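Next come the chains, spelled out residue by residue.
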Amino acid sequence: MTRIGLATFCATALVLAAAPLAHAETIFVSNEKDNTITVIDGDTMETIDTIETSRRPRGIMLSPDNKELFVAAGDGDIIDVIDTKTLKITRQLESGPDPELMDIDPEGKIIYIANEDDSMVTIMELASGEVLSEVPVGVEPEGMAVSPDNTLTAATSESTSMAHIIDNETHQLVANVLVDSRPREAKWTKDGKELWVSSEIGGTVSVIDPTTWEITDKIHFEVPGLRPEQLQPVGMDFVKDESLIMVPLGPSNRVAVIDTAKKEVVDYILVGQRPWHGEPSVDGTKYYVANGLTNDMTIIDLDTLKAVKSVPVGRLPWGVAVMPGKPGA
Amino acid sequence: MVPLRSILPHMPSARSGGFVIAAFLLLALAVGPLPVGAQDAGGTGKGPGTEDAKADDAKAVDAKPSDKADAAAAPANKAKAGKQDAAKKTMHVVYLGKEYEEPLPLSYAEKVITDKGIQGARLMLQEANQAGNFVGFAFELEEAIVPEDGDVLARAKEALAAGHRFFIADLEPDDLLAVADLPEAKDAVIMNIRSSATKLRQEECRQNVFHIIPDYAMRADALAQYLIWKQWPKWYVVRRDTPEDQDYLAQVQRAAKRFGGKVVEDHLYDLPPGARNLDSGHQQIQQQMALETQRSPDHDVVWAINSDDDFGDYLMYRTTMPRPVVGTQGLQATAWDKSYTESGGMRFQRAIPRLANRPPVERDYTAWLGLRALSDAAQKSGAVDPKTVKDYMLSDEFRLEAFKGQALSFRTWDHQMRQPIILGGGTRVPVSTSPQDGFLHPKNLTDTLGFDEPESKCKF
């Protein structure tokens, strides 16, 4: 299976290396149940490889230089590091138990890892894998977000319902903001003036002002015919120059589109079942979202805000990462 | 470079394990020293619901992005940490219990557990303080468990006289009602984590009692929905006749009417319980169970109702017709099961053994959840007085996260916690979770389980 995948990938890579395309990109999807990463060619939307990982791969992200792909394998208590040229696991980071989400600083030097099972944020040097600090936060940390100026890192604790703010220099907590139940993900705006936090069980998205650490806006969701408990915001991704933020809503099978200036929901896009995390395409025209229960990935056109296609991936897909170019290129 | 570690099962590193224990030990001292990180965090955290705490916090809220890079800020914060501790809002919760004689597990090999419930409360105390440390709250747990012949009412009076109003009640119905009916307990908030008796939610409901544990009506409905979904509507009941069994039977019959099932026969099992040790006794049981089930009318499942746990498991694989067993044994409807891992549930599965050296049981979960409801309501409402906490728990704002994939809340008409019910027990993976697809409700799907507002006989 893998060998065939690899052969296909090699063949594809050779062809593409000869004629690189303008918007060539590669999409990686973590499959929680299969313990694999599906590698999709952004032009053909065909699977070009399937990479076996440690157990329960969930959080997935690229290094700032796109040379390495980091995969948090919760049941393996490890982070697999995949070389994006060869699509092989080249090393592993001893993340501490049950890593779920992580973020890397803009310089690509430090990785911040949420250890769900021991209420810690592990701060690690990316190149050496050396643990610099373990910061005690609330119970069940999950979302991690380094501020664009690399001074602060937000960590959400799902069970404690807080966003904890870590000083990247001192590794001390500087603020703890109580948000609605089960905060899953945190995202900073590029100017660092807003911190967005999704609360899955609370069913809201909070916008926090980092000068006061007060919640300035809270966005609620409502879809006629759906019960409120189905509207569970999980992932969040800014798109269209941050004019919009895409919020997959789990059991409602929809992705909410929020106008970031007005702090209002402008659309709900029907996708596959239980979408949790997504990622925009490199050129920003598309949004890819992993549908956990239907084992596929929906492609949303960001100009029309319509779902245009779904492609099959592995079982229980969880996270998406998008890389410019092709593997091996 | 870190060497490539083989992709094989392995334990978390000792480094992290040690850290966890250290953190727990520190946090267990509710009013004692805090972990350094948490101390520094002291009062800088503020949430939307902690308005009252603002004045207390004001001095400590000086960590802003503009000055946070200043290394001098850290010691400054530390100096204020001591003051911050004193300014903390403290919620004192009394775990009121009694060492009732409980039925022994049917299996002689199974460990007799004597610390059900309290271990869940202890875990939540750690977690509540871990969270509270960040936002200026402290939680205390007073363990008031009297012996079997002890006077639980006197113990309750003592706690009430000391001014305490928050209770986790690990009590049987009579004791629970006696405590709830004390005049001085009128403004108390009592969390029932033990009794499934439906009367406590119906005729005998009390305004100061909240029910965390599902009642027999919710359990029967949760199983019934699944059996109807499976198109197994004919139920053969085999039961004992304790008050709990009679209560459960009435709810099974009610569920049959609600969802289109039928109790084809209600069969009383009357062989005395006897010793648990089987030795060669399984041969007799094999014959007895065939006798118990051979005259039954045509049925799809055997519904065992055996709260004393002295024969129900014998039915499995020994019925005359090859039929599954559900009820108090076999497939059970429960708030927690040792096989449940969804929606972050593994955290609870791992945390209780660390503390109690055994897997969690349902009462550990309900005790954890009872204290969690109180601590969550305190932090989100910003207050620790019983009136505010109670009002918050009954408001639409109250949306509790507890590994069930949806927010838990209280039914205003009888104070029962609405919650999805796990169908498991005896299986290594859970079978399902109710409510089942297709059972509709205009407001809240979980209100298809148990007594809905129009059916409620509760009057506060």
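Model, not experiment: these values are computed from the prediction. (Residues numbered from 1 in each chain as written. Chains lettered and ligands numbered in written order. Predicted model: local features only at pLDDT ≥ 70, side-chain atom pairs only at ≥ 80, totals over all residues.)

Caption draft 1: View of the overall build of chain B. What chain B contains, in helices and strands, is 14 helices and 14 strands. When burial is assessed residue by residue, chain B has 50% of its 460 residues classed as buried. Of the contacts formed within chain B by residues at least 6 apart in sequence, a portion of 68% connects residues at least 24 apart. (Helix = DSSP H or I, 4+ residues; strand = E, 2+ residues; numbered from the N terminus. Buried ≥ 20, exposed ≤ 12 C-beta atoms within 10 Å, placed from the backbone. Contact = placed C-beta atoms within 7 Å.)

Caption draft 2: Layout of the overall build of chain A. Of regular secondary structure, chain A possesses one helix and 28 strands. Since a compact globule built from 329 residues should have a radius of gyration of about 20 Å, the 19 Å found for chain A is in line with a globular shape. With the C-alpha coordinates aligned to their principal axes, the bounding extent of chain A is approximately 55 × 50 × 30 Å. Taking all 329 residues of chain A together, the buried fraction comes to 60%. In chain A, 43% of the contacts between residues at least 6 apart in sequence involve partners at least 24 apart. (Rg over C-alpha atoms; globule rule 2.2 N^0.38 Å.)

Caption draft 3: Representation of the sheet that holds strand β3 (residues 47-52) of chain A within the structure. Residue and element names in this part refer to chain A. Strand order across the open sheet formed by four strands is β3-β2-β1-β28, with antiparallel pairing between neighbours. Looking at strand neighbours, the two that pair on one side only are β3 and β28 (317-324), the edges of this open sheet. Across the sheet, the mean angle from the axis of one strand to that of its neighbour is 20°, orientation sign disregarded. For strand β1 (residues 25-31) and strand β2 (residues 36-41), the ladder comprises six bridges, and the chain directions are antiparallel. Bridged to Thr26 within β2 is Asp41. (Pairing = 2+ DSSP bridges. Axes fitted to C-alpha atoms, helices over the stretch in contact; angles between N-to-C directions.)

Caption draft 4: Layout of the domain arrangement of chain B. We note that the domain assignment places domain 1 (21-62 + 88-214 + 337-419) and domain 2 (216-334) within chain B. Classifying every residue of the side of domain 1 of chain B that touches domain 2 of chain B gives seven nonpolar, two polar and two charged. (Domains from an automatic or database assignment. Nonpolar A, V, L, I, M, F, W, Y, C, P; charged D, E, K, R; others polar.)

Caption draft 5: Representation of unusual backbone geometry in the model. The omega torsion across B:Ser434 and B:Pro435 is 10°, close enough to zero to call that bond cis. Its identity is not glycine, yet A:Leu305 carries a phi of approximately 55°, on the positive side. Residue placement: A:Leu305 occurs in the loop between β26 (296-301) and β27 (306-312). For B:Asn357, which is not a glycine, the phi torsion comes out positive at approximately 60°.

Caption draft 6: Inspection of the environment of B:Pro183 at higher detail. All names here are of chain B. Its location among the elements puts Pro183 in the loop between α8 (173-180) and β4 (189-192). Residue classification places Pro183 among the exposed positions, given that 6 C-beta atoms sit within 10 Å. Along the chain, Pro183 and Lys157 lie 26 residues apart, while their C-alpha atoms are 9.9 Å from each other.

Caption draft 7: Here's a closer look at the confidence of the model for chain B. Residues and elements named next belong to chain B. Per-residue pLDDT for chain B averages 85, and the proportion of residues at 70 or more is 81%. Segment residues 1-84 is flagged for pLDDT under 50; beyond a separation of four residues in sequence, or across chains, it makes 141 contacts in the model. Confidence metrics for the complex model read pTM 0.83 and ipTM 0.83. (pLDDT = per-residue confidence, 0-100.)

Caption draft 8: How the structure looks around the packing of helix α6 (residues 118-135) of chain B against helix α13 (residues 362-381) of chain B. Residues and elements named next belong to chain B. Where α6 meets α13, the closest approach of the two axes is 7 Å, and the angle between their N-to-C directions is 25°. If you check the angle between α6 and α13, you find them roughly parallel. Note on packing geometry: the crossing formed by α6 with α13 is right-handed. Taken together, the residues of α13 that come into contact with α6 (itself represented by Ile118, Gln119, Gly120, Ala121, Leu123, Met124, Leu125, Ala128, Ala131, Gly132 and Val135) are Arg363, Asp364, Tyr365, Ala367, Trp368, Leu371, Arg372, Ser375 and Gln379. Grouping the constituent residues of the contact of α6 with α13 by class yields twelve nonpolar, five polar and three charged. (Parallel < 35°, antiparallel > 145°, perpendicular 65-115°, else oblique. Left-handed = near helix turned anticlockwise from the far one by under 90°.)

Caption draft 9: Representation of α6(B) in the model. All names here are of chain B. End to end, α6 covers 25 Å across 18 residues, agreeing with the expected 26 Å (1.5 Å per residue, within 8%). Among the 18 residues in α6, 18 count as buried, and that is most of the element. Two residues or fewer past α6, Gly136 is found with a positive phi of approximately 80°. (Expected span 1.5 Å × (residues − 1).)

Caption draft 10: Highlighting helix α7 (residues 152-161) of chain B. Residue and element names in this part refer to chain B. Burial in α7 covers these residues: Val152, Ala156, Ala159 and Leu160. With its buried residues spanning 100° around the axis, α7 presents them on a single face. Opposite its buried face, α7 presents the exposed residues Ala154 and Ala161, each directed more than 90 degrees away. For α7, the elements touching its buried residues are β1 (89-98), β2 (137-146) and α8. Positive backbone phi, approximately 95°, marks Gly163, located one or two places after α7. (Arc of directions from axis to C-beta.)

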